[in-house]
Each structure stands twice: as C-alpha cells, then as structure tokens.
Amino acid sequence: MQAAKLICVGGARPNFMKLAPLVRLLRGDDRFQTLLVNTGQHYDDQMSGQFFRDLGMPEPDYQMEVGSGSHAVQTGEIMKRFETIVQNEQPRAVLVVGDVNSTIACALVAAKLHVPVVHVEAGLRSFDRSMPEEINRLVTDVLSDLFLVTEESGAFNLRTEGAAEEKIAMVGNLMIDSLFFHLKRAEESDIARRCGLQENQSFGLVTLHRPANVDDAMQLAGIMEALREISQDLPLLFPVHPRTRSRLSRENVGEGDCIRLLDPLGYIDFLGLMRRAAVVLTDSGGIQEETTALGIPCLTIRDNTERPITVEQGTNILAGTCKKSILAAWEQIGRQPKQGRIPPLWDGRAAERCRDAVWQMLEKHGVR
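Residues numbered from 1 in each chain as written. Predicted model: local features only at pLDDT ≥ 70, side-chain atom pairs only at ≥ 80, totals over all residues. Heavy atoms only, no water.

Caption draft 1: View of the pattern of salt bridges. For the coordinates displayed, the defined rule picks out 31 salt bridges. With a closest N to O distance of 2.9 Å, Arg-125 and Glu-161 form a salt bridge. Taken together, the residues Arg-125 in the loop between strand 5 (117-120) and helix 5 (132-143) and Glu-161 in the loop between helix 6 (152-160) and strand 7 (168-170) connect sequence positions 36 residues apart. Assessed through its relative accessible area of 2%, Arg-125 is described here as buried. Of the charged contacts in the structure, one is a salt bridge between Glu-165 and Arg-159, with a shortest N-O distance of 2.8 Å. Accessibility expressed as a relative area gives 37% for Arg-159, which makes it partly exposed. (Salt bridge = Lys/Arg side-chain N within 4 Å of Asp/Glu carboxyl O. Helix = DSSP H or I, 4+ residues; strand = E, 2+ residues; numbered from the N terminus. Buried < 20%, exposed > 50% of the residue type's maximum accessible area, 1.4 Å probe, protein only.)

Caption draft 2: Region of interest: the packing of helix 3 (residues 71-89) against helix 4 (residues 101-112). Where helix 3 contacts helix 4, the axes come no closer than 8 Å and their chain directions differ by 45°. Between helix 3 and helix 4, the interaxial angle falls into the category oblique. Considering only the axes of helix 3 and helix 4, their crossing is right-handed. Each of His-71, Gln-74, Thr-75, Ile-78, Met-79, Phe-82, Glu-83 and Val-86 in helix 3 lies in contact with helix 4, whose residues at this interface are Asn-101, Ser-102, Ile-104, Ala-105, Cys-106, Leu-108 and Val-109. Its residues placed into classes, the contact of helix 3 with helix 4 shows nine nonpolar, five polar and one charged. (Axes fitted to C-alpha atoms, helices over the stretch in contact; angles between N-to-C directions. Parallel < 35°, antiparallel > 145°, perpendicular 65-115°, else oblique. Left-handed = near helix turned anticlockwise from the far one by under 90°. Contact = heavy atoms within 4.5 Å. Nonpolar A, V, L, I, M, F, W, Y, C, P; charged D, E, K, R; others polar.)

Caption draft 3: Structural view of the environment of Asp-303. Relative to the helices and strands, Asp-303 resides in the loop between strand 12 (298-300) and helix 14 (309-312). Residue Asp-303 is classed as exposed on the basis of its relative accessible area of 57%. C-alpha of Asp-303 to C-alpha of Gly-272: the two residues are 31 residues apart in sequence and 28 Å apart in space. Contacts of Asp-303, omitting those with residues within four sequence positions, involve Leu-318, Gly-320 and Thr-321.

Caption draft 4: The packing of helix 1 (residues 13-26) against helix 7 (residues 174-187), seen in detail. It is the contact of helix 1 with helix 7, at a shortest axis distance of 7 Å, that shows an interaxial angle of 80°. Between helix 1 and helix 7, the angle is such that the two are roughly perpendicular. Contact residues: helix 1 offers Met-17, Lys-18, Ala-20, Pro-21, Leu-22 and Arg-24, while helix 7 offers Leu-174, Met-175, Asp-177, Ser-178 and Phe-181. Across the contact of helix 1 with helix 7, the residue classes break down as seven nonpolar, one polar and three charged.

Caption draft 5: Highlighting the sheet that holds strand 12. Spatially, the six strands line up as an open sheet ordered 10-9-8-11-12-13, and their pairing is parallel. The open sheet is flanked by strand 10 (259-262) and strand 13 (316-318), the only strands paired with a single partner. Between one strand axis and the next, the sheet turns through 20° on average, direction left out of account. Relative to strand 12, strand 11 (residues 279-282) runs parallel, the two sharing three bridges. The partner of Leu-281 across the bridge, within strand 12, is Leu-299. (Pairing = 2+ DSSP bridges.)

Caption draft 6: The pairing of strand 2 (residues 32-38), seen in detail. Burial of strand 2 is extensive: six of the seven residues sit out of reach of the surface. One ladder, built from seven bridges, connects strand 1 (residues 4-10) with strand 2; its direction is parallel. Across the sheet, residue Leu-6 finds its bridge partner in strand 2, namely Thr-34. What joins strand 1 to strand 2 is helix 1, and the crossover it makes is right-handed. Pairing analysis gives two bridges linking strand 2 to strand 3 (residues 62-63), with the strands arranged parallel. Within the sheet, the bridge partner assigned to Asn-38 lies in strand 3 and is Gln-63. (Right-handed = clockwise from strand over helix to strand, strands pointing away.)

Caption draft 7: View of the packing of aromatic side chains. Within this structure, the stated rule accounts for two aromatic pairs. A centroid spacing of 5.5 Å and a plane angle of 75° characterise the contact between Phe-32 and Trp-359, whose relative ring orientation is edge-to-face. In this pair, Phe-32 is assigned in strand 2 and Trp-359 in helix 16 (residues 350-364), connecting sequence segments 327 residues apart. Accessibility assignment for this pair places Phe-32 and Trp-359 in one class, buried. Above the face of the Phe-181 ring, Arg-24 is positioned so that its terminal group lies 3.9 Å from the ring centre. One cation-aromatic arrangement involves Arg-31 over Trp-359; the distance from NZ or CZ to the ring centre is 4.9 Å. (Phe/Tyr/Trp six-rings, centres within 6.5 Å; stacked < 30°, edge-to-face > 60°. Lys NZ or Arg CZ within 6 Å of the ring centre and 35° of its normal.)

Caption draft 8: Structural context of the nonpolar core. Grouped together as the largest cluster of nonpolar side chains are 59 residues, with contacts concentrated most on Leu-95, Leu-148, Leu-273, Met-274, Val-358 and Leu-362. Discounting chain neighbours no more than four positions away, the residues touching Leu-362 are Ala-4, Phe-32, Arg-92, Ala-93 and Val-367. The next biggest cluster of nonpolar side chains, apart from the first, holds 26 residues, and it includes Val-206, Ile-230, Leu-248 and Ile-326. (Core = buried A, V, L, I, M, F, W, Y, C linked by side-chain atoms within 4.5 Å.)

Caption draft 9: How the structure looks around helix 13 (residues 285-294). Where burial is concerned, most of helix 13 is hidden: 10 out of the 10 residues are buried. Burial in helix 13 covers these residues: Gly-285, Gly-286, Ile-287, Gln-288, Glu-289, Glu-290, Thr-291, Thr-292, Ala-293 and Leu-294. Where helix 13 begins, the side chain of Ser-284 points an oxygen toward the backbone nitrogen of Gly-286, at a separation of 3.3 Å. Just downstream of helix 13, Gly-295 is the residue with a positive phi angle, here 75°. (Polar contact = N/O pair within 3.5 Å; in protein donor to acceptor, adjacent residues only side chain to side chain.)

This is how it looks when you write it as structure tokens:
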C-alpha cells in the first residue's frame, strides 16, 4: 500500500505546539507520508525557531518565510507560495491548525485545488467578528472536510452552522498533549532562578498580544495600570511579544517596580514559569487551556472567549479589558480562588484520535 501524503501546516507558535505530538505520531505510521510546512508567519528565532527546538520537531520540509504584513498581504503571500507546494506534492489532504492567517490561506488553496481540508480546533467561536481570528475560524470551517474538535462547544457550533455529523470528530486537545509530554522538562528548567526569583517566591505571569488590547493606546494604558496595582500584591513577570513591546515603547507605558518585562521565552521555559505561577493574566486562547489543565488560576483579559470550557469547567475567569474589571476579577480570585477540573479527552492522547479520524476520512476518499 502506498502511504497517503498529508501536508501539515503551521505558521505561529501555538500551531507548532499542537502539531508537534501529531507529526511525531504520523511520522511513525507507515500509512502516512507526512510533510511539514512552516509558513513563517512568526518569523524570528525567538518566536518560531526556538519553539521547534524545544518541542523536538523536525525541520520543516518547506520554509515559506512569509514574514509580516497586513492581513491581506500576509494571507495573499501565503496563498501564492502554498499553491505551488500543493501542486507539486499532490497530497491526499491538507491539515491546518487554529485560527491564524496561515490557517485560512492554506485552507483556501487546498479547497480550490480540490484537496480535502482537515481543521484542528474546529468549531471554536468567540461570536465577536471584530477579531480577525473569528473570521479565520468561520471561513476555514466552511471549507473543511474534517473537523477535529477540542471541546463540546465546538461540536455544538458546527452542528448549528449545518456541518454534517459524520465530519465532526471529538478528539481532545493537542495543546494538552504537548503540555503533558514536556511537563517534566519544564519543571526542571532553571528559568525562575534566571529571572531572579527565590525558590518559593510567589509571582504572577502575564502575556498580552491581541491587537484589540495592545493597539489601542488608552486600552493598553488601562491594562498596564491594573497590572501595576496587582503587582503591589504579587510581583509579575511579563514575557513581551515583539508586537506588544513596540506598543509599550511607543506609548511610554511599561514595567513598574514589581513588573518585570522579559524577552519572549521558549516553550519549555515559559511552561516552567507557568507551572510555578500563582496566577496567569493573559489574552491568549491557548494559555487559557494550559492553565485549566494545570489547575492554575487564569484571568483572561478579554470580554469573551472561544474556549468556554475553560470558564465552565476550568480555572479561567473573563476579566474584561478595562482597569476596573481587571481589578474586580483580581479581587474575586483573592476572595475565592477558582477550582477547576480537566475537561474530557484532555488526557494527552488527542494525537492518536486525530490520526485515526484523518485515516477514516482518507479511507472514505478511496485510500487503501
């Protein structure tokens, strides 16, 4: 039997965290010939290369090196370059992850070339179309032939939107596969010492990168004011996304006495800090999931989330985006820390279920 060629596409750091366990499994399965494409949407070493090394991922078969640009420029450039790859490789399916520009661009190319599209993290919805990611999710799911779903809300949304039941596969969360696989290494990291923390010192961990939070000068200033007040109770470490650092510098807002700005961290070091943190304050979707899996309180600096299971079952609280709401959420967890649980199928075996679902789809398309 000839192996079925599958192209797996990533472009941003969270994509790689989800692809790592799946690519590792697929490359050990003789039924598949797995090609890895890195679009280069996150293009510097700190934001991409270090993650490949930390996750033990193989070098991509294709490095597209697209780089930055407006949504239209970046999406268009990815489509131009990816079309050539698909035409040359003639894959049996293309697998895309998440909700970034690489996701929608490569799904569009595959669909127009009549190649089945597999979407990892399908069905997640914030119901906020001001978010570019929400548009990417909606369009990618319209084009997809197989929906790999992390939580029940995703399956519900897809059914509501008219997706065929036989195309929906509840597989669990690949992000949590990576977390569990690398947790021991992360716990052995000396990143806390390198950040000047004492052995049992409590601290909070901060990430901010969403345009709605960092591009609006007044909103960013309000968030930073809230963080400075919180830091009087709990010192904060803040690994700063390059986009966020440029905005902080431009608006002349930044660290205070108890907020320490760090360069972007590799996956293992970041996970090592998160594992030790007393609380995480973030606007990241993936970190909402990781803190839920680790049982760490999370304040999400957003008004909505496409991952409602992290609020309904996990440790996540929506803190809003203004100083008053963030401080209210901080006071809430101080009075009554939230006790969550790990959602169903977030068990470190999502990659196995993804592989099986992809193979079943390929069999229906005539692969034997």
